[in-house]
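# Results of the structural survey
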Amino acid sequence: GRQDADRSAKPTGAACARLRRCSCPMTQLDIQLQAAHARQDAAALAELYAAGSAAAQTLDEQCFLTTQAYIFALESNHPLAEQLHAFLVQNRRDA
C-alpha cells in the first residue's frame, strides 16, 4: 500500500529516525535495533544503542543514543549502566 511505498522511499532505521529525518539506507545496526525492539530485549537494546553511540558523528547524536542505551541498561540491570551514566554526566546530559 501507500505506507509501504513511503517507507521504501524514505527508509529510516531506529537510530536514524530518532536523530533526524533522513533518507539514509538501513544499516545493519538499524536492522538489529528493530529486531531487538520486536523481541523487547532490553539488554540487547542497551548494547546496540551503546554501539550506535560509539559510531555517532556528533556529540548530540552520541548523547542521544547513550541516553537510549542507558534507559535500556537500567531496565535490564545491564553492567553498562554505570559507564553510560558517567558519559552522560561528563557531557552535562545528566547529574
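The rules behind these values
- Residues numbered from 1 in each chain as written.
- Predicted model: local features only at pLDDT ≥ 70, side-chain atom pairs only at ≥ 80, totals over all residues.
- Heavy atoms only, no water.
- Helix = DSSP H or I, 4+ residues; strand = E, 2+ residues; numbered from the N terminus.
- Buried < 20%, exposed > 50% of the residue type's maximum accessible area, 1.4 Å probe, protein only.
- Contact = heavy atoms within 4.5 Å.
- Areas by Shrake-Rupley, 256 points an atom, 1.4 Å probe, with all protein chains shown as cover.
- Salt bridge = Lys/Arg side-chain N within 4 Å of Asp/Glu carboxyl O.
- Expected span 1.5 Å × (residues − 1).

### Description of the overall build of the protein
- What the protein contains, in helices and strands, is 6 helices and 0 strands.
- Listing the helices and strands of the protein from first to last along the sequence gives α-α-α-α-α-α.
- Counting only residues that meet the buried cut, the protein has 34% of its 95 residues in that class.
- Put simply, of all contacts in the protein between residues at least 6 apart along the chain, 35% involve residues at least 24 apart.
- Of the accessible surface of the protein, which amounts to about 6,200 Å², a share of 50% is contributed by carbon and sulfur atoms.

### Thoughts on the pattern of salt bridges
- All chains considered together, the criterion is met by 2 salt bridges.
- Note that R39 is salt-bridged to D41, the shortest N-O span being 3.3 Å.
- A salt bridge links R93 to D60; its shortest N-O distance comes to 2.4 Å. Here R93 is found in the segment after α6 (81-90), whereas its partner D60 is found in helix α5 (residues 59-76), with 33 residues between them in sequence.
- You can call D60 exposed: its relative accessible area is 55%.

### A word on α5
- Between its terminal C-alpha atoms α5 stretches 25 Å, which fits the 26 Å expected from 18 residues at 1.5 Å a residue.
- Restricting attention to buried positions, one finds in α5 the residues E61, C63, L65, T66, Q68, A69, Y70, F72 and A73.
- Phi for N77, located one or two positions after α5, is positive at around 55°.

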